[in-house]
Amino acid sequence: MSGVLVVMEQRLDQGKATWHRMSWEALSAGQQLAAQIGQTVSAAVVGQPGELAAKKLDRVYAVEHALLTTYTADGYTAALEELIRKLSPSIVVFPHTYQVRDFAPKLATRFSQVLISDTIGFRVESGTAIFVRQLFQGKLNADVKPGGDGPHFVSIQAGAFRADQVEAGECPVEQFAPQLAADQIRAKPLDPFRESARAVDLTSADIIVSVGRGIKEKDNIPIVEELAKALGAELAASRPICDNGWLPMERQVGSSGQTVSPKMYLAVGISGAIQHLVGMKGAKTIVAINKDANAPIFEVADYGIVGDLFELVPALTEAVKKAKS
Amino acid sequence: MKILVSIKQVPSRDSQLRVDASGRWIQENDLSFETNEPDAFALEEALRLKEQHGGEVVALCAGPARVSQTIREALAKGADRAIHIEADNLASLDTLGVAKLLAKAAESEKPDLILTGLQSDDLGYGQTGVVMAELLGFPHATIIMAVEKIDTGIRVKRELEDGWFQNVELPLPAVLTIQSGINKLRYATLMGIKKAKTKEVKRLTAADLGVQIASAASIERVYLPQRSKQTQMIEGNAKEAAAKLVEKLRFEVRVI
């Protein structure tokens, strides 16, 4: 059992193969991991290999089958199980996407393993990789050691490795046609859709003021709205606020909402769960107001104020208005 | 429809967490606990499905004695009965170990549908439901925002990334992992709380279930994360802090 296998994610967008950007971050992680444990690295994709052939890899496996055109957990699990049994890698690396969350735990179970999910890094101790992942919504980190006979399964958190650090090279492409039968696939997926056209484009905003759970109730939203107005900012929110219907879904920032990178992102009463952080940590400057000094949001913040938002936000609105007048 | 809901008890959201003496887990004795939030939404969805289609809702929960609080809450909200898998060492188990216990207990219930939250707020592996489905040989769907009964089984609305969704049809029995916000949570009524006391709670151990507990992955060390940025913390009362921050926004960040 040897070698690192990175499973990339691709979808068809109007007939054109489109990479999930996190695939390249996972590939970068896989290359670094392989170098440190002294093993080879290969990549696999259900779909078209494309530019993978121009990366520093041992081999690329292009998995193709008519039953894999549309994603199903049953189809992907069976196909990748067959490939992994054939290649017998020591570690299989995935990007931690929604799709991977849907099938990779099932795949790992087939090998009596768990998916060490959403990892943010690794270190190597006497030839063995130990993976770092977050616990308690990012409040603590844990070093997790894979055990049992491999292969070991790991997924990589968005933004934990850099796609632009993928090493270029040249490698052979091998087609892999798994044995699949239509009756293995129990789910019937219909076409993906969007609820409505987005009226609010947060991605083009220079300044965003975003509100989270700390606001406590809907009636308190206007105090944050006032601050956004004073700053000339777009108002955004973390998921629970939109789930409660306090602000429309189209103002949600995070893995299930929009990904933004404004000049300034001011987070009010947002603890900073990873699902939110992936949507905003690209902001040039991050300011956080939170009552909990240990909130994970302060790990990414450039400026922080620990305190009661119901006192701080109105005071800040006044100070901004004064500075602008 | 017979619906099994797998729920977990986790430390309360506002907990101040401290690493324990072993360095491999947190000090639990001074913490308060609550129902894992996505699991509360899974329970609510099960209750709604029962109200629409009839049947039974069974709450399934693994953990030490303290989880009986979470079980009582589920019964008070309307679950018909509960199964408590008594286990003190769950923190040392990986998802596969826990899912084996849950799946074994679920198997003998022969449910039509198993619901659970998409992830736990403590370990956050986000895979217990999927692993249970695989162990039971059931199909599954994850991150579900709507469930509808159809002739051939169920139609569910899966959340994809970037605001996309997808409907998927599944035959029953099946496992679904439920996304927070799928519905609006109910409160337990006084009547419900009273009734809960008379409802059946079946207690089982790993030995009763005939499950050999073993883990593939293990937590070696738990620690506070290192800050990736140097955060300038701004002190003072509200007015002072606001004035200082505005200075920074004007002259350092230059957005005012």
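Every chain is numbered on its own, with residues counted from 1 as its sequence reads. Note on labels: chains are lettered from A, ligands numbered from 1, in written order. The predicted nature of this model means local features are confined to residues of pLDDT at least 70 and side-chain atom pairs, given and counted, to a pLDDT of 80 or more, with totals for whole chains, interfaces and linings taken over all residues.

1. A short note on the overall build of chain A
Line of reasoning, step 1. On a plain count of helices and strands, chain A comes out with 8 helices and 17 strands.
Line of reasoning, step 2. Two things to know: the radius of gyration comes from C-alpha atoms, and the globule rule equals 2.2 Å times the number of residues to the power 0.38. Against the globule reference of 20 Å for 325 residues, chain A gives a C-alpha radius of gyration of 22 Å, in line with a compact fold.
Line of reasoning, step 3. Dimensions along the principal axes, computed over C-alpha positions, put chain A at roughly 70 × 45 × 35 Å.
Line of reasoning, step 4. Three exposure classes are used, based on other C-beta atoms lying within 10 Å of a residue's own C-beta, which is placed from the backbone: buried for 20 or more, exposed for 12 or fewer, and partly exposed in between. Looking at chain A as a whole, 52% of its 325 residues are labelled buried.
Line of reasoning, step 5. Placing a C-beta atom from the backbone of each residue, one calls two residues in contact when those atoms lie within 7 Å. Here the analysis covers contacts within chain A between residues at least 6 apart in sequence; of these, 65% occur between residues at least 24 apart. Here a helix means four or more residues in a row that DSSP labels H or I, a strand means two or more in a row labelled E, and each is numbered from the N terminus.

2. Describing the packing of helix α8 (residues 309-324) of chain A against helix α7 (residues 238-251) of chain B
Line of reasoning, step 1. Here an angle of 0 to 180 degrees is reported between the N-to-C directions of two axes, which are lines fitted to C-alpha atoms, with helices fitted over the stretch in contact. Between α8 of chain A and α7 of chain B, the shortest axis-to-axis distance is 8 Å and the interhelical angle comes to 45°. One finds that α8 of chain A runs oblique with respect to α7 of chain B. Crossing handedness for the pair α8 of chain A and α7 of chain B: right-handed. Counted together, Glu311, Leu312, Ala315, Leu316, Ala319, Val320 and Ala323 of chain A of α8 of chain A and Ala238, Lys239, Ala241, Ala242, Ala243, Leu245, Val246 and Arg250 of chain B of α7 of chain B form the full contact between these two elements. The cut-offs work like this: below 35 degrees is roughly parallel, past 145 is roughly antiparallel, 65 to 115 is roughly perpendicular, and the gaps in between are oblique. It is the rotation of the near helix from the far one that decides the hand of a crossing: anticlockwise by less than a right angle makes it left-handed, clockwise makes it right-handed.

3. Some thoughts on the sheet that holds strand β7 (residues 140-150) of chain B
Line of reasoning, step 1. Taking strand neighbours across the sheet as the criterion, the 10 strands line up as β12(A)-β9(B)-β8(B)-β7(B)-β10(B)-β6(B)-β1(B)-β4(B)-β5(B)-β11(B) in an open arrangement whose pairing is mixed. Every interior strand has two partners, whereas the edge strands, β12 (188-194) of chain A together with β11 (201-205) of chain B, have only one. The mean angle between the axes of side-by-side strands here comes to 30°, regardless of whether they run parallel or antiparallel.
Line of reasoning, step 2. Pairing between two strands requires that DSSP report at least two bridges joining them. As paired elements, strand β8 (residues 153-159) of chain B and strand β9 (residues 164-170) of chain B share 6 bridges and run antiparallel to each other. Among the inter-strand pairings, lysine 157 of chain B is bridged to a residue of β9 of chain B, identified as asparagine 167 of chain B.

4. So, helix α4 (residues 128-136) of chain B
Line of reasoning, step 1. Within α4 of chain B, 8 of the 9 residues are buried, which leaves the element mostly enclosed by the surrounding structure.
Line of reasoning, step 2. Of all the residues in α4 of chain B, the buried ones are Thr128, Gly129, Val130, Val131, Met132, Ala133, Glu134 and Leu136 of chain B.
Line of reasoning, step 3. Tucked inside the fold, the buried residues of α4 of chain B contact α3 (98-110) of chain A together with β1 (2-7), α3 (95-107), β6 (113-117), β7 and β10 (174-178) of chain B.

5. Remarks on the sheet that holds strand β9 (residues 140-145) of chain A
Line of reasoning, step 1. With respect to topology, 10 strands assemble into an open sheet ordered β11(A)-β5(A)-β4(A)-β1(A)-β6(A)-β10(A)-β7(A)-β8(A)-β9(A)-β12(B), the strand pairing being mixed. Pairing within the sheet leaves two strands with one partner each, and these edge strands are β11 (173-176) of chain A together with β12 (218-223) of chain B. With direction set aside, neighbouring strand axes in the sheet form an average angle of 35°.
Line of reasoning, step 2. Where β9 of chain A lies against β12 of chain B, 5 bridges are found, and the strand directions are antiparallel. Of the residues in β12 of chain B, the one forming a bridge with alanine 142 of chain A is valine 222 of chain B.

6. A closer look at the domain arrangement of chain A
Residue and element names in this part refer to chain A.
Line of reasoning, step 1. Taken as a whole, chain A is organised into domain 1 (4-184) and domain 2 (202-324).
Line of reasoning, step 2. For domain 1 versus domain 2, the distance between C-alpha centres works out to 34 Å.
Line of reasoning, step 3. Each partner contributes to the interface: domain 1 provides 7 residues, whereas domain 2 provides 8 residues.
Line of reasoning, step 4. Under the convention adopted here, Pro, Cys and the residues Ala, Val, Leu, Ile, Met, Phe, Trp and Tyr are nonpolar, Asp, Glu, Lys and Arg are charged, and Gly plus all remaining residues are polar. Looking at the side of domain 1 that touches domain 2 residue by residue, the class counts come to 1 nonpolar, 5 polar and 1 charged. Domain limits in this description derive from either an automatic procedure or a database domain assignment.

7. Quick word on helix α4 (residues 221-231) of chain A
Line of reasoning, step 1. For α4 of chain A, the set of buried residues is Val224, Leu227, Ala228 and Leu231 of chain A. Seen from one end, α4 of chain A has its buried residues packed into an arc of 100°, which puts them on one side. The directions from the helix axis to the C-beta atoms form the arc being described.

8. A word on unusual backbone geometry
Residues and elements named next belong to chain A.
Line of reasoning, step 1. Note the cis peptide between glycine 150 and proline 151, where omega equals -5°.
Line of reasoning, step 2. Tracing the backbone through its elements, the reader meets proline 151 in the loop between β9 and β10 (152-156).
Line of reasoning, step 3. Residue serine 126 is not a glycine yet carries a positive backbone phi of 35°.
Line of reasoning, step 4. Position of serine 126 relative to the elements: it lies in the loop between β7 (115-125) and β8 (128-135).
Line of reasoning, step 5. Given 4 C-beta atoms within a 10 Å radius, serine 126 is considered exposed.
Line of reasoning, step 6. In the Ramachandran plot, glutamine 137 falls in the positive-phi region, its phi being about 55° despite a non-glycine side chain.
Line of reasoning, step 7. Along the polypeptide, glutamine 137 turns up in the loop between β8 and β9.

9. Here we look at the interface of chain A and chain B
Line of reasoning, step 1. Taken together, the 70 residues of chain A in the interface contact 66 residues of chain B.
Line of reasoning, step 2. A breakdown of the residues in the side of chain A that touches chain B according to their chemical character gives 33 nonpolar, 17 polar and 20 charged.

10. Describing the nonpolar core
Line of reasoning, step 1. Here, a nonpolar core means buried Ala, Val, Leu, Ile, Met, Phe, Trp, Tyr and Cys residues linked by C-beta atoms lying within 7 Å of one another. Of all hydrophobic cores here, the largest spans 123 residues; its most connected members are Val93 of chain A together with Val5 and Ala59 of chain B.
Line of reasoning, step 2. Per-element tally for this core: the top contributor is α3 of chain B, with 8 residues.
Line of reasoning, step 3. Discounting chain neighbours no more than four positions away, the residues touching valine 93 of chain A are Val4, Val6, Ala26, Ala29, Gly30, Leu33, Val154 and Ile156 of chain A.
Line of reasoning, step 4. Of all hydrophobic cores here, the second largest spans 56 residues; its members include Leu277, Ile297 and Ala315 of chain A together with Ala238 of chain B.

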